Amino acid sequence: MRIDIPEGQEPIGYVWGDMVPGIGMAAANFSLSVYAHTTLGLREFEAARLRIAQINGCLFCLDWRTDRDGEKVEDDFPEAVTQWRATDAFDDRTRLAVEYAERYALDHHAIGEEFWTRMTAHYSQVEIVELSMSIGSWLAFGRLNHVLGLDAVCVLPGH
């Protein structure tokens, strides 16, 4: 870990809350809002989120599974995300969500008209903005946790 955490403190809570309370709490609220207020389907939401986790290398994000009223994606879903171009496990919306997440994270300057034509055929403008904000949240905060080494010391509830 690259940040000193006082003994007895939970790393994420300390860094995000105690170290920079004005910024950290706003970031935490934004991050939580992505989950609490999404209108996207679970599969497309998780596909985009997992692709960003794979790109960031955030251990915590890779281990996390979004739960909606007791429903989660299947156990082999992360492998399908890795193989998103070839898998038959995804419908067009889910495949586009993964592709968008990857392009957004790795080469946003190359997102051209051909992609937007496909994207707008399957997503409304509201859904595109929501997905863009969600991807931005995951990209920023997953990367922050990984770069600072917080992802290696945080554990999921129940682990």
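Everything below is about the structure shown above.
Residues numbered from 1 in each chain as written. Predicted model: local features only at pLDDT ≥ 70, side-chain atom pairs only at ≥ 80, totals over all residues. Heavy atoms only, no water.

Colleague: Please provide a residue-by-residue account of the nonpolar core, values included.
Modeller: Among soluble globular proteins, nonpolar side chains are generally buried collectively. Ranked by internal contacts, the top residues of the largest apolar core, which has 19 residues, are Met-119, Tyr-123, Leu-131 and Ile-135. For Tyr-123, the residues in contact, after removing those within four places along its chain, are Leu-40, Glu-44, Arg-93, Thr-94, Leu-96, Ala-97, Ile-128 and Leu-131. Formed by 10 residues, the second largest nonpolar core is a distinct cluster that contains Leu-42, Phe-77, Val-81 and Phe-90. (Core = buried A, V, L, I, M, F, W, Y, C linked by side-chain atoms within 4.5 Å. Buried < 20%, exposed > 50% of the residue type's maximum accessible area, 1.4 Å probe, protein only. Contact = heavy atoms within 4.5 Å.)

Colleague: Lay out the packing of aromatic side chains with the relevant residues and their values.
Modeller: Taken as a whole and assessed by the stated rule, the structure comprises 11 aromatic pairs. Between the aromatic rings of Tyr-100 and Tyr-104, the centroid separation amounts to 5.9 Å while the plane-to-plane angle is 85 degrees, which identifies the pairing as edge-to-face. Of the two residues, Tyr-100 and Tyr-104 both sit in helix H6 (residues 92-106), four residues apart, roughly one turn of that helix. According to the relative accessible area criterion, Tyr-104 is partly exposed, its value standing at 27%. Measuring from ring centre to ring centre gives 5.8 Å for Tyr-100 and Phe-115, while their planes differ by 20 degrees; the resulting arrangement is stacked. In this pair, Tyr-100 sits in helix H6 while Phe-115 sits in helix H7 (residues 113-122), placing the two residues 15 residues apart along the sequence. (Phe/Tyr/Trp six-rings, centres within 6.5 Å; stacked < 30°, edge-to-face > 60°. Helix = DSSP H or I, 4+ residues; strand = E, 2+ residues; numbered from the N terminus.)

Colleague: Summarise unusual backbone geometry; cite the residues concerned and give the values.
Modeller: Within the chain, Asp-69 stands out as a residue other than glycine whose phi angle is a positive 50 degrees. Here Asp-69 lies in the loop between helix H4 (59-63) and helix H5 (77-82).

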